[in-house]
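Per-entry structural report
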Amino acid sequence: MTDQSGPQGLAPRRAALTLIEGALERRAGIDEALPISLGDLDPRERAFARSLAMTALRRHGQIERALTDRMQKPPPEPVKALLRIGVAQALYMGVADHAAVSTTLDLAQAEQPTRPFKGLINAVLRGLLREPPKDDPVLLAPDWLYARWTAAFGAEAARGIAAQIAEEPATDLSFREAPDEALLQDLEGVVLPGGAVRSARRGDLAGWPGFDEGLWWVQDAAAAMPARLLNLKPGETALDLCAAPGGKTLQMAAAGAKVVALDRSAKRLERVRENLARTKLEAEVVASPAESWSDPRTFDAVLLDAPCTATGTFRRQPEVLWLAKPPEIAKLAMVQSRLLDAAATRTRPGGRMVYCVCSLEPEEGEGQIAAFLKRHPDFTLVRARPGEAGAPEASLRADGTLRILPHHMEGGMDGFFAARLARKA
Ligand SMILES: C[S@@+](CC[C@H](N)C(=O)[O-])C[C@H]1O[C@@H](n2cnc3c(N)ncnc32)[C@H](O)[C@@H]1O
């Protein structure tokens, strides 16, 4: 780790505290909250605040364990919050020890409730610097999720998934049309199986080549796989039943299909409209709950990217791991089952449907499809072929569904489940 002491001041560290608190209390993801929380900071301070918040959230499991091991009883929450950012800087960001400790103590001094705890904060941080905890990937995930992943995918896979939690992801792009060499070079991009491009660039996307012209949109490599399973042909009708913010709608429109992009959230659909306008792609945008959409149409192809715990998206939203709770899995599984039934009625006889979720939990993936096939004898599973959709071989299950795990691709990707079904003619 290099010694990057980061900006001197307390302001970016305070901003990071706000971002972390907002994320862990489900008020807003880091990137949504950034513009509000980083108000007066200069670009270097902003970048540091974001990086500190992301590091503290990615390393949350390890940091919590290290703090618990060092203290006999938990300190008040504001003290713990300060300790978290102190540890994140000192152990995981290469910030010089004295800078990490002194800025944390200054923050403690600045507020009455944390002032009496300066001695404790100093002792805990110095102790951890003297004897750093083991960098154990198993501790990066909540115990109960790690245990579920072990039960569902095996010990080796659970460890592979957890190791990805600490990693900063690259930016993946999907293209309207395959990019030429010059654009690829400008984007510092590598073409992945299936056609997505992994860019090594960093910083504000709006300044990247091709953004203004709408040649591409940001979409994780794994998120681009499910829609490819539809194998859309130009002129076919397609329904994206949970469309916002629209990554998969854009893929379907770029394939030449006549797309209806439906979502229950009119607000989130604004993003779909913006994305369509920028990429100069077309789709009919509809705001309605999928279950009660009054339109009578059926479609050649239906995509259901259902709301889920999103545990597969921890690379960009590490807080999802700490917000997920067992009852929520059961609740969302019921929603998914209802939405699957709605998707079935929208699939024309002889048509096909793809179901996907960015969750690592089997109840939201494998379990949904098993139950759906029992409820709908007029549907059959259509296996994905090896390598189809750009999915790694390791992601193809024996039954032909995809269980895409974050460690299945070098450099990582989001976790997804995807299944293709056909309705009998
Ligand atoms: C996983 S996101 C979809 C992501 C999107 N497919 C993409 O690739 O950009 C799930 C979406 O489902 C929408 N949603 C949730 N319940 C719904 C319902 N009953 N009917 C329609 N949309 C719903 C949410 O508003 C959310 O935008």
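Note that the structure is predicted; figures quoted are calculated from it, not measured. (Residues numbered from 1 in each chain as written. Predicted model: local features only at pLDDT ≥ 70, side-chain atom pairs only at ≥ 80, totals over all residues.)

1. Some remarks on the sheet that holds strand 4 (residues 216-218)
Basically, it comes down to this: At least two bridges found by DSSP between two strands is the condition for calling them paired. Numbering of helices and strands runs from the N terminus; a helix is a DSSP stretch of H or I covering at least four residues, while a strand is a stretch of E covering at least two. Axes, fitted as lines to C-alpha atoms, cover a helix only where it is in contact. Angles between the N-to-C directions of the axes lie from 0 to 180 degrees.
With respect to topology, four strands assemble into an open sheet ordered 2-3-1-4, the strand pairing being antiparallel. Because the sheet does not close on itself, it has two edges, and the strands there are strand 2 (189-191) and strand 4. For this sheet the average axis-to-axis angle between neighbouring strands, irrespective of direction, equals 30°. Two elements, strand 1 (residues 171-175) and strand 4, share three bridges in a ladder whose sense is antiparallel. Its bridge partner being in strand 4, Ser174 is matched across the sheet by Trp217.

2. Here we look at the site of the ligand
For clarity, the threshold we go by: For each residue, a C-beta position is placed from the backbone atoms; the residue is near a molecule or strand when that point lies within 6 Å of it. Charged residues are taken to be Asp, Glu, Lys and Arg, nonpolar residues to be Ala, Val, Leu, Ile, Met, Phe, Trp, Tyr, Cys and Pro, and polar residues to be all remaining types, Gly included.
Around the ligand there are 17 residues in total, and Cys242, Ala244, Gly247, Ala290 and Asp305 lie nearest to it. Here the shell around the ligand is built from residues that sort into eight nonpolar, three polar and six charged.

3. Things to note about the nonpolar core
So the rule is basically this: A set of buried residues qualifies as a nonpolar core if it consists of Ala, Val, Leu, Ile, Met, Phe, Trp, Tyr and Cys joined through C-beta atoms within 7 Å. Think of it as a crowd count around each C-beta: if 20 or more other C-beta atoms lie within 10 Å the residue is buried, if 12 or fewer it is exposed, and in between it is partly exposed, with C-beta placed from the backbone throughout. C-beta atoms are placed from the backbone for every residue, and two residues are taken to be in contact when these atoms lie within 7 Å.
If you look at the biggest cluster of nonpolar residues, it comprises 87 residues, and the most contacted ones within it are Leu241 and Leu304. Leu241 has contacts with Leu262, Ala290, Val302, Leu303, Leu304, Leu339, Ala342, Ala343 and Arg346, leaving out every residue within four places of it along the chain. Counting residues in hydrophobic clusters, the runner-up holds 35 residues, among them Ile20, Leu38, Ala53 and Ala108.

4. Quick word on unusual backbone geometry
With an omega dihedral of 5°, the bond running from Ala244 to Pro245 counts as a cis peptide bond. Turning to its location among the elements, Pro245 is positioned in the loop between strand 5 (237-240) and helix 12 (247-254). The phi dihedral of Asn231 falls on the positive side, at around 45°, and the residue is not glycine. Among the structural elements, Asn231 can be located in the loop between helix 11 (225-228) and strand 5. Assessed through the 15 C-beta atoms surrounding it within 10 Å, Asn231 is described here as partly exposed. Phi is positive for Ala389, close to 65°, though the residue is something other than glycine. Relative to the elements of secondary structure, Ala389 occurs in the loop between strand 10 (379-381) and strand 11 (402-404). Residue Ala389 is classed as buried on the basis of its 25 C-beta neighbours within 10 Å.

5. Details of the environment of Thr103
Inspection of the secondary structure puts Thr103 in helix 6 (residues 97-110). By the C-beta count within 10 Å, which is 23 here, Thr103 ends up buried. When residues no more than four places from it in sequence are discounted, the contact partners of Thr103 are Leu10 and Arg13.

6. Side note on the domain arrangement of the protein
As a reminder, the rule being used: Where each domain begins and ends is defined by an automated method or by a domain database.
We note that the domain assignment places domain 1 (11-132) and domain 2 (172-423) within the protein. Computed over C-alpha atoms, the centres of domain 1 and domain 2 are 35 Å apart. Each side of the interface is counted separately: domain 1 has seven residues, and domain 2 has five residues. Elements represented by at least two residues in the side of domain 1 that touches domain 2 include exactly helix 1 (11-24) and helix 3 (43-58). Broken down by class, the residue content of the side of domain 1 that touches domain 2 amounts to three nonpolar, two polar and two charged.

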